[in-house]
Amino acid sequence: KLGPAELQREQDAARRALTRSRSDGNRMRYALSLTVPGAPATDDNRALETLEPLTRNASSPLQGLALLMTALLQEQRRLDGQAQGLQQKLDAMLELERSMTGRESSVQRKR
């Protein structure tokens, strides 16, 4: 429910906290701030990099959450790739339709 300015301040605060102390909690806080929908600076790659030490640390109480977030971010990346591929196919089909419609109009005019 935070606005863009508040989200930016939260990201900055989380980044500074992680810089001061590389604790599991600070890592999770920063990664979460990087993935909030509507945030001015979302960065899934940086979030994955931030979560990576947590996913390898079996003794961390946040490992399960880190693994879940990593899986969700990777799935989001896969779905984004699929969406881009589908959009390219749709654009190609629309272009083909436009070229066919243009050809039909010129054929009808010649008659």
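Rules used in this analysis
- Residues numbered from 1 in each chain as written.
- Predicted model: local features only at pLDDT ≥ 70, side-chain atom pairs only at ≥ 80, totals over all residues.
- Heavy atoms only, no water.
- pLDDT = per-residue confidence, 0-100.
- Helix = DSSP H or I, 4+ residues; strand = E, 2+ residues; numbered from the N terminus.
- Expected span 1.5 Å × (residues − 1).
- Bend = angle between axes of the 7 residues up to and from the residue.
- Buried < 20%, exposed > 50% of the residue type's maximum accessible area, 1.4 Å probe, protein only.
- Polar contact = N/O pair within 3.5 Å; in protein donor to acceptor, adjacent residues only side chain to side chain.
- Contact = heavy atoms within 4.5 Å.
- Salt bridge = Lys/Arg side-chain N within 4 Å of Asp/Glu carboxyl O.

Undergrad: Help me out: how do you make sense of the confidence of the model for the protein chain in this one?
TA: Low pLDDT means the predicted atomic positions in that stretch should not be read closely. Within the protein chain, residue pLDDT values average 89, and 92% of them lie at 70 or more. Considering each helix and strand of the protein chain separately, the mean pLDDT is smallest for helix α4 (residues 63–110), with a value of 88, and largest for helix α2 (residues 24–34), with 95.

Undergrad: How should helix α3 (residues 44–56) be read in this particular structure?
TA: A turn of α-helix holds 3.6 residues, and therefore any two residues three or four places apart point the same way. The end-to-end C-alpha distance of α3, which contains 13 residues, comes to 18 Å, matching closely the 18 Å that a straight helix rising 1.5 Å per residue would cover. Maximum bend of α3: about 30°, positioned at T50, with proline P53 one to four residues after it. Where α3 is concerned, the buried positions are A47, L48, T50, L51, L54 and T55.

Undergrad: Explain the side chain of T70 here, please?
TA: Considering the arrangement of structural elements, one finds T70 in helix α4. Under the relative-accessibility criterion, T70 is labelled buried at 14%. Of note is the side chain of T70, whose polar atom sits 2.8 Å from the backbone oxygen of A66. Discounting residues that sit within four places of it in the chain, T70 has contacts with L48, L51 and T55.

Undergrad: Please explain the pattern of salt bridges as it appears in this structure.
TA: Pairing between side chains of opposite charge can happen when the charged atoms of each approach one another. According to the stated counting rule, one finds six salt bridges in the structure shown. In this structure, the salt-bridge partner of R56 is E52, at a minimum N-O distance of 2.5 Å. Of the two residues, R56 and E52 are both situated in helix α3; the distance of four residues between them amounts to about one turn of the helix. With relative accessibility at 58%, the residue R56 sits in the exposed group. Taking the relative accessible area as the measure of exposure, E52 reaches 37% and is therefore partly exposed. Its salt-bridge partner being R78, residue E75 comes within 2.5 Å of it at the nearest N-O pair. Taken together, the positions of E75 and R78, both in helix α4 and three residues apart, correspond to about one turn of that helix.

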